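Structure at a glance
Residue strings, one per chain:
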Amino acid sequence: MAESKTDTKSSNQMWGGRFASGPDAIMEEINASIGFDKKLFAQDIRGSIAHATMLAHQGIISADDKDKIVHGLNTILSEIETGNFEFSRQLEDIHMNVEARLATLIGPAAGRLHTARSRNDQVALDFRLWVKEELEKTEKMLTGLIAAFLDRAEEHAESVMPGFTHLQTAQPVTFGHHCMAYVEMFGRDRSRVRHAIEHLDESPIGAAALAGTGYPIDRHMTAKALGFREPTRNSIDTVSDRDFAIEFLSIAAIAGMHLSRLAEEIVIWSTPQFGFVRLSDAFSTGSSIMPQKKNPDAAELVRAKTGRINGSLVALLTIMKGLPLAYSKDMQEDKEQVFDAAESLELAIAAMTGMVRDMTVNTARMKAAAGSGYSTATDLADWLVREAGLPFRDAHHVTGRAVGLAESKSCDLAELPLADLQAIHPDITDKVYDVLTVEASVASRKSFGGTAPSEVRKQIAFWRARN
Ligand code: ARG
């Protein structure tokens, strides 16, 4: 949008009363936030309408002035929404851009809007409203991602895959169980989002510059009109607090870390070497030189976006850590961090939801891999404990010898002849072969939260009821 070119040397029309001349060009450039805080226009106008309505209700301004103000603000809202508003850098920020336009539209009544308020509580309000809406959006998006995983988990409650520790084959698990691990992770992210909404649900407006005001305002009225639970309780804290923004960034960083781990798994699973999943054309790209390639670019970018989000969190923590109470201009740098992280998080959730829904799962490949690497060795040890009465440590030792033998014969545990197994321990019978298959292995792990298909189905039902 266009920046207006008024004389940079005239003093500021909003606060320039005691200034003989305007700011240096560099001063104006470093000071202005309109380039990014114009994103807050709708929140700014909503806040001003609630404030003016309260001022009139309390008899602080006349009903006539209030009507003019509200009408003018609604005009400005539609001007901005339709791209017919000229933002000016001389007017620094969204608050003063809106107020200056209001003065042009309605004349002197506009000057009464800023009674009993300061830009300090105004920006705290606008930004809180914005973050609250973003958290609500994030909550919905996470619900969509969880739903995608629940569908895949249901479809693959029985599909066997290798479970890993140290990225080495450990024990067979089901793909459904693996999907449900992500449901737990994103479920925790969503409950953090809900808590953050609860934490920030207090209205800052009326804290004024930092000390409150002598006008007989009603902060409960504005809080209610703006959809907050109640007003904040300390005017100094209100204008110096950015915890709500930092909480948003922390939540985004943790969710981003989860998304990045998922992205990393998809990158690994979609390699020809693994071949566990095939990404849809919609979520992969080709190579300009190697025609055979299908690259998981979206997953890789999700991994990278997480780095950006972490950067924003560290930036805002660092911006805030040395500030004396109450407001300092440093705090103007809060918004770009949050806006950037919000955009990255939204994109990352949307991309991963699409990928999870669209990817083709190669169950045959997964099953073959699940049986390799002696993944049922623990099942053999458990059988020796259960059926032959061995202490687990001894059973572990016996199993280790069986694995060694199978390795030397380049075969699986289940392929060792009974005579070979009995030579290692005489109590082994042919019943042992029942537990050496990957299906038997997963079916046996029925402990609460375990990988048995019956357990996975219980957890799917639990989450379906909550999603
Ligand atoms: N643009 C400012 C910000 O984003 C608004 C508050 C300015 N307050 C002040 N006392 N200069 O923080």
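Each remark here, short or long, concerns the structure printed above.
The shown structure was predicted, so the numbers you read here are calculated from the model rather than taken from an experiment.

To continue, consider the overall build of the protein chain. Along the protein chain, the regular secondary structure elements total 18 helices and 6 strands. Overall, the C-alpha framework of the protein chain stretches about 100 × 55 × 40 Å when taken along its three principal axes. Here the contacts in the protein chain between residues at least 6 apart in sequence split such that 75% fall between residues at least 24 apart. Carbon and sulfur atoms make up 54% of the accessible area of the protein chain, which amounts to about 21,800 Å² in all.

This part is about the packing of aromatic side chains. Enumeration over the complete set of coordinates arrives at 11 aromatic pairs. The interplanar angle of 80 degrees and the centroid separation of 5.8 Å between the aromatic rings of Phe-462 and Trp-463 together place this pair among those described as edge-to-face. We classify Phe-462 as partly exposed; its relative accessible area is 37%. Counting every residue linked through ring pairs, the aromatic cluster contains Phe-127, Trp-130, Phe-244 and Phe-339. Stacked on the ring of Phe-339, the Lys or Arg Lys-39 has its end atom at 5.2 Å from the ring centre. In this arrangement the basic side chain of Lys-335 is found over the ring face of Phe-127, its NZ or CZ atom lying 5.7 Å from the centre.

The next point concerns the packing of helix H6 (residues 119–155) against helix H12 (residues 334–358). At a closest axis distance of 9 Å, the pairing of H6 and H12 adopts a crossing angle of 15 degrees. In this view, H6 runs roughly parallel relative to H12, as classed from their interaxial angle. Along this stretch, H6 crosses H12, giving a crossing that reads as left-handed. Residues that form the contact of H6 with H12 fall into these classes: 18 nonpolar, 3 polar and 9 charged.

With that settled, consider unusual backbone geometry. Note that the residue after Leu-325, namely Ala-326, is joined by a cis bond; omega there is 5 degrees. Of note, Ala-326 is situated in the loop between helix H11 (297–320) and H12. Although it is not a glycine, His-166 adopts a positive phi angle of roughly 55 degrees. Structurally, His-166 can be placed in the loop between strand S1 (160–165) and strand S2 (168–174).

Around the ligand sit Ser-33, Asp-37, Asp-93, His-95, Arg-119, Asn-120, Val-123, Tyr-327, Gln-332 and Lys-335, and that is every residue in its neighbourhood. One of the side-chain nitrogen or oxygen atoms of Gln-332 is found 2.8 Å away from a nitrogen atom of the ligand. Among the elements that take part in the shell around the ligand, H6 stands out by supplying 3 residues, more than any other. The residue makeup of the shell around the ligand, split by class, is 2 nonpolar, 4 polar and 4 charged.

Val-131, Leu-135, Phe-149, Phe-186, Leu-259, Ile-266 and Met-352 are the most contacted members of the largest nonpolar core, which has 94 residues in total. For this core, the element with the most residues is helix H10 (residues 243–269), which contributes 15 residues. Discounting chain neighbours no more than four positions away, the residues touching Leu-135 are Val-193, Ala-196, Ile-197, Leu-200, Phe-248 and Ile-251. Judged by nonpolar contacts, the second largest core, of 21 residues, contains Ala-377, Leu-380, Trp-383 and Leu-416.

Turning our eyes to something else, we now look at helix H18 (residues 453–466). Side chains of residues three or four places apart in an α-helix project in the same direction, reflecting 3.6 residues per turn. Taking 1.5 Å as the rise per residue, H18 with 14 residues should run 20 Å; its terminal C-alpha atoms sit 20 Å apart, in good agreement. Inspection of H18 places Pro-453, Glu-455, Val-456, Gln-459, Ile-460 and Trp-463 among the buried residues, and these make up the whole buried set. Seen along its axis, H18 keeps its buried residues to an arc of 155 degrees; they face one direction. Opposite the buried face of H18, at more than 90 degrees from it, the exposed residues are Lys-458 and Ala-465. Considering only its buried residues, H18 is in contact with H6, S2, helix H7 (175–200) and helix H17 (438–444).

This brings us to a nonpolar patch on the surface. A cluster of nonpolar side chains, Leu-210, Ile-236 and Leu-325, forms an exposed patch at the surface whose accessible area comes to about 280 Å². In this structure, Ile-236 sits in helix H9 (residues 235–240). The partly exposed category is assigned to Ile-236, whose relative accessible area is 36%.

With that settled, the discussion passes to the side chain of Asp-189. Structurally, the position occupied by Asp-189 is in helix H7. Within polar-contact distance, the side chain of Asp-189 engages the side chain of Arg-192 at 3.0 Å.

Attention now goes to the packing of helix H3 (residues 41–57) against helix H5 (residues 94–106). Put simply, H3 and H5 touch, their axes get as near as 10 Å, and they point 60 degrees apart. With respect to H5, the axis of H3 lies oblique. Read as a crossing pair, H3 and H5 show a hand that is right-handed. For the pair formed by H3 and H5, the contact residues are Phe-41, Asp-44 and Ile-45 on the first element and Ile-94, His-95 and Val-98 on the second. A class-by-class count of the residues in the contact of H3 with H5 yields 4 nonpolar, 1 polar and 1 charged.

Rules used throughout
Residues numbered from 1 in each chain as written. Predicted model: local features only at pLDDT ≥ 70, side-chain atom pairs only at ≥ 80, totals over all residues. Heavy atoms only, no water. Helix = DSSP H or I, 4+ residues; strand = E, 2+ residues; numbered from the N terminus. Contact = heavy atoms within 4.5 Å. Areas by Shrake-Rupley, 256 points an atom, 1.4 Å probe, with all protein chains shown as cover. Phe/Tyr/Trp six-rings, centres within 6.5 Å; stacked < 30°, edge-to-face > 60°. Buried < 20%, exposed > 50% of the residue type's maximum accessible area, 1.4 Å probe, protein only. Lys NZ or Arg CZ within 6 Å of the ring centre and 35° of its normal. Axes fitted to C-alpha atoms, helices over the stretch in contact; angles between N-to-C directions. Parallel < 35°, antiparallel > 145°, perpendicular 65-115°, else oblique. Left-handed = near helix turned anticlockwise from the far one by under 90°. Nonpolar A, V, L, I, M, F, W, Y, C, P; charged D, E, K, R; others polar. Near = heavy atom within 4 Å. Polar contact = N/O pair within 3.5 Å; in protein donor to acceptor, adjacent residues only side chain to side chain. Core = buried A, V, L, I, M, F, W, Y, C linked by side-chain atoms within 4.5 Å. Expected span 1.5 Å × (residues − 1). Arc of directions from axis to C-beta. Patch = residues over 30% accessible without salt bridge, like charges linked within 9 Å, V, L, I, M, F, W, Y side chains within 5 Å. Salt bridge = Lys/Arg side-chain N within 4 Å of Asp/Glu carboxyl O.

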